[in-house]
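Observations on chain architecture
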Amino acid sequence: MNINRRNFLSVLGLTGVSLYTGEKLVAAQKIGNETEFYGVLYDSTRCVGCQGCESVCAEEHGLPEPAPDDVPVSGAVRKANENRRTVINVYNTSKGEVYVKNQCLHCNQPACDSACLTRAMSKTKEGPVIWNGEKCMGCRYCMVSCPFDVPKFEYHSSNPKIVKCNMCYDRVIEGKLPACVEACPAEALTFGTRRELIAEAHRRIINDPGLYYNKIYGESEAGGTGFLYLSPVPFEELGFNTTVQNRPYPELTKGFLYSVPSIFVLWPAVLLGIHKSVKNNNLEEEEYE
Amino acid sequence: MKKKNMNNQNAVLAKDNDGMPVLKFLAEAIKPKGTFFTPFNMISLPIMVLGFVIIVIRFIKGIGAVTNLTQEVPWGLWIGFDVVTGVAFAGGAYVITFMVYILNMKKYHSIVRVTVLNGFLAYVFYAGALLLDLGRPWNVINPIIGNSFGVSSILFLVAWHFLLYMIAMLIEFSPTIAEWIGNQRARKILSGMTLAAVIFGITLSTLHQSGLGALYLMASEKIHPLWYSEFIPILFFVSSIFAGLSMVIFEGSISQKVFDSQISEKNHRSHDGILHGLSKICTVTLFIYFFLQVLTFVHGKHWDLLNSPMGYWYLTEMIGFVLLPMGLFFYSYRKQNIFLIKLAALITMIGVIINRLNVTVVGFRWDAAVHYFPSWMEIVVTLTVLFVEIWIFRWIVTRLPVLRDSPSWVKKQSSKL
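Residues numbered from 1 in each chain as written. Chains lettered and ligands numbered in written order. Predicted model: local features only at pLDDT ≥ 70, side-chain atom pairs only at ≥ 80, totals over all residues. Heavy atoms only, no water.

To continue, consider the overall build of chain A. The number of helices and strands found in chain A is eight helices and nine strands. Sequence-distant contacts, at least 24 apart, represent 59% of the contacts inside chain A between residues at least 6 apart. Per element, the accessible surface of chain A, about 13300 Å² overall, is 53% carbon and sulfur. (Helix = DSSP H or I, 4+ residues; strand = E, 2+ residues; numbered from the N terminus. Contact = heavy atoms within 4.5 Å. Areas by Shrake-Rupley, 256 points an atom, 1.4 Å probe, with all protein chains shown as cover.)

And the structure:
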């Protein structure tokens with residue numbers, strides 16, 4: 001019996017490991033490029049830090065008006081929260097002061113979307129990642145999963161909402177520009193399909209290689225994002241999360257999810273088999289009942 | 001005619017309840033038993049009252065009013081301890097049912113009921129504690145009733161498995177309820193469903209014990225690299241075996257004393273033998289777990305991180321709370337030392353708590369400027385959940401044939417089968 005159990009446990013372990021890793025190889029690399037997602041290109045060399053985007057965003061989404069003295073200061077990082085979906089920060093870099101806008105990046109394959117068990121957080125076919133309060137149960141798993149810490153939660157409400165940039169989804173399906181893009185006086189924000197934006201960004205880098213750092217943040221980060229960034233300096237200097245992986249985040253759980261059906265098929269059969277084979281095994285019987 | 005029918009019905013009910021009318025039976029069941037002024041009651045009652053007040057505040061003013069959760073650390077003690085750790089400890093139910101009903105190890109039959117009851121209550125209360133942590137709990141049925149299936153979500157899998165496993169455990173436990181109310185036919189039908197429920201339950205447990213670890217797979221950069229790996233699900237699954245069994249040893253040792261009068265002389269005597277068997281299994285699974293941890297560590301190539309405060313903490317967990325209890329279990333099994341078995345179980349349990357909290361709370365955003373530390377109110381609510389569970393457990397054990405032997409008609413019934 002002793003040997004049997006030990007063997008059984010090692011077989012169990014091996015099966016688990018091989019199922020786990022085996023399925024991972026099957027998990028196909030699928031990058032959501034078949035659909036033309038809309039996105040926004042943010043060029044930090046053009047941004048003047050006027051915070052116009054912050055004000056129109058608050059107005060558009062019924063959030064409190066930003067306080068006039070709440071301005072970007074280098075050295076202090078302002079964060080988006082449940083009262084503001086986008087913020088401008090300023091960083092002291094090797095090329096002087098550079099402004100950076102922060103909001104949801106609208107990943108091609110968002111972690112939050114795949115984390116959500118009610119489909120409340122979802123990637124629309126147009127590109128924006130939006131939140132649906134009628135479905136959300138407030139578990140905050142999207143916040144745990146998001147590599148950019150984007151979704152915010154109203155901790156001080158009895159009817160809390162998840163707050164994040166939705167790329168002005170309502171305006172986008174009406175054919176209008178997102179509020180911040182429309183309001184930007186410096187044309188630092190450009191709206192378009194992701195393909196056009198990447199081409200445009202590459203064109204800007206090629207035309208002025210001295211001005212730009214040769215990288216588009218968001219082209220491959222987290223499997224590609226809807227918001228794309230151009231910068232004069234390496235992105236580390238601007239507080240970007242540069243440790244983020246280039247594969248889409250949902251792939252991290254695919255292996256596990258693919259093993260579920262096999263366990264559901266194999267386990268009951270194996271268990272029933274063991275039960276039948278040791279049914280009349282009375283070796284360890286010490287009279288009971 | 002009608003009157004006769006009614007009389008018949010009454011007669012049936014009366015017989016089923018050992019000759020007691022239904023109302024009297026219920027009144028008898030609700031009546032408190034034993035002394036009220038015990039130290040446990042005196043400590044737990046005020047905490048429970050306070051806990052309920054905090055829960056009311058939480059629903060009026062929001063989660064932020066009672067917890068220290070932040071936008072960066074959205075899951076704290078209520079998830080990391082109540083749910084993730086609590087469910088690991090409830091793993092004893094699937095391990096013991098596996099041993100008894102699948103491997104036919106009859107030696108452990110006398111602890112099946114109490115273990116399943118414990119597991120069931122743990123799921124109801126610790127998974128139920130999840131509701132407190134949900135911002136919009138009124139939408140909790142959404143993933144169940146089918147208007148919005150987030151099938152790509154690990155949490156979807158875990159939620160469904162919690163629900164199904166609770167039903168499976170209720171079926172496993174239901175013959176005890178039938179014996180209590182004295183319904184022979186129901187007992188026969190329900191005990192016929194046990195094997196199916198056990199097989200289903202073990203399958204579900206395999207998946208959601210590991211699934212609780214898989215929840216954190218997408219937080220790959222947020223968890224300290226010494227605790228994050230793609231093998232979290234397997235580590236969580238293997239550790240749930242000895243976590244559950246240590247809980248069985250721990251709970252059994254207390255029950256043997258507290259519910260002394262419930263337990264037959266024979267079961268008292270066989271308890272030491274059960275503990276020896278369990279300590280053997282704990283030794284083996286702890287070894288497998290340690291081996292997997294070493295593999296994971298070597299794969300992760302984080303040798304440099306060992307020489308840091310988090311590294312020392314990691315080594316403490318591995319040596320003090322995995323290797324040490326493994327050695328203790330092994331030694332106590334060889335020397336047949338009951339005290340050391342209990343000590344090893346206790347250390348193992350502390351180790352499991354430390355491990356789960358390291359993944360979910362301590363190692364989560366370990367590099368953040370402001371660290372999350374649970375508020376006293378989060379701790380009080382956690383204790384409240386724990387105490388309510390113990391109260392219900394006690395209520396059931398003192399009434400149903402969980403620890404004590406089944407009524408005499410059960411033996412006749414099972415010998416006929």
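Moving on from the model shown.
What follows covers the overall build of chain B. Secondary structure summary: chain B contains 16 helices and zero strands in total. The C-alpha atoms of chain B give a radius of gyration of 23 Å, which matches the 22 Å a tight globule of 417 residues would have. For the C-alpha atoms alone, the extent of chain B along its principal axes is close to 85 × 55 × 45 Å. Looking at chain B as a whole, 57% of its 417 residues are labelled buried. (Rg over C-alpha atoms; globule rule 2.2 N^0.38 Å. Buried < 20%, exposed > 50% of the residue type's maximum accessible area, 1.4 Å probe, protein only.)

Another point: the interface of chain B and chain A. The interface is formed by 79 residues belonging to chain B together with 75 residues belonging to chain A. Here chain B meets chain A over a buried area of about 6700 Å², counting both sides, of which 62% is carbon and sulfur. In this structure, Asp149 of chain A and Arg365 of chain B form a salt bridge, with 3.0 Å as the shortest nitrogen-oxygen distance. Linking chain B with chain A are 35 residue pairs in polar contact (both at pLDDT 80 or more), by the criterion used here. Of all the elements in the fold, those that place two or more residues in the side of chain B that touches chain A are helix 3 (39–61), helix 5 (92–102), helix 7 (142–145), helix 8 (154–181), helix 10 (194–214), helix 11 (232–258), helix 12 (265–300) and helix 16 (408–416) of chain B. No other element matches the 11 residues that helix 10 of chain B contributes to the side of chain B that touches chain A. Considered class by class, the residues forming the side of chain B that touches chain A number 44 nonpolar, 22 polar and 13 charged. (Buried area = accessible area lost by both parts, 1.4 Å probe. Salt bridge = Lys/Arg side-chain N within 4 Å of Asp/Glu carboxyl O. Polar contact = N/O pair within 3.5 Å; in protein donor to acceptor, adjacent residues only side chain to side chain. Nonpolar A, V, L, I, M, F, W, Y, C, P; charged D, E, K, R; others polar.)

This brings us to the nonpolar core. The biggest cluster of nonpolar side chains holds 182 residues, and the ones touching the most others in it are Tyr141, Phe148 and Tyr229 of chain A together with Ile96, Phe162, Leu212 and Leu278 of chain B. When near neighbours in sequence (up to four residues on either side) are disregarded, Ile96 of chain B contacts Ile111, Val112, Thr115, Leu245, Val248 and Leu278 of chain B. With nine residues, the next largest nonpolar core counts Leu197, Ala201, Ile205 and Leu230 of chain A among its residues. (Core = buried A, V, L, I, M, F, W, Y, C linked by side-chain atoms within 4.5 Å.)

On to the environment of Ile234 of chain B. Positionally, Ile234 of chain B belongs in helix 11. Sequence spacing of Ile234 of chain B and Ile63 of chain B is 171 residues, and the spatial spacing of their C-alpha atoms is 32 Å.

Residues and elements named next belong to chain B. Confidence along chain B averages 90 in pLDDT terms, with 94% of residues attaining 70 or more. The least confident element of chain B, judged by mean pLDDT, is helix 1 (residues 2–16) at 41; the most confident is helix 14 (residues 338–362) at 96. Within the model, the stretch residues 1–16 combines pLDDT values under 50 with seven contacts to residues more than four positions away or in other chains. (pLDDT = per-residue confidence, 0-100.)

Residue and element names in this part refer to chain B. A cluster of nonpolar residues, Phe250, Ile254, Val258, Leu346 and Ile350, forms a patch on the protein surface that exposes about 400 Å² of accessible area. Elements supplying a minimum of two residues to the nonpolar patch: helix 11 and helix 14. Among the elements that line the nonpolar patch, the one with the most residues is helix 11, at three residues. When you line up the elements, Phe250 lands in helix 11. Looking at Phe250, the relative accessible area reads 32%, which means it is partly exposed. (Patch = residues over 30% accessible without salt bridge, like charges linked within 9 Å, V, L, I, M, F, W, Y side chains within 5 Å.)

A separate point is the side chain of Gln262 of chain B. All names here are of chain B. Mapped onto the elements, Gln262 comes out in the loop between helix 11 and helix 12. Here Arg404 takes part through its side chain, which lies 3.1 Å from a polar atom of the side chain of Gln262. Residues within four places of Gln262 in sequence aside, it is in contact with Val397, Thr398, Leu403 and Arg404.

This part covers the confidence of the model for chain A. Taken residue by residue, chain A gives an average pLDDT of 88. The fraction at 70 or more is 85%. Per-residue pLDDT stays below 50 along residues 284–289 of chain A; that stretch engages in 13 contacts with residues further than four places along the chain or on separate chains.

Residue and element names in this part refer to chain B. It is the contact of helix 10 with helix 11, at a shortest axis distance of 7 Å, that shows an interaxial angle of 130°. Viewed along their axes, helix 10 and helix 11 adopt a mutual orientation that is oblique. Viewed along their axes, helix 10 and helix 11 form a crossing whose handedness is right-handed. Residue-level contacts link Thr206, Gln209, Ser210, Leu212, Gly213 and Ala214 of helix 10 to Ile232, Pro233, Phe236, Phe237 and Ser240 of helix 11. Residues that form the contact of helix 10 with helix 11 fall into these classes: six nonpolar, five polar and no charged. (Axes fitted to C-alpha atoms, helices over the stretch in contact; angles between N-to-C directions. Parallel < 35°, antiparallel > 145°, perpendicular 65-115°, else oblique. Left-handed = near helix turned anticlockwise from the far one by under 90°.)

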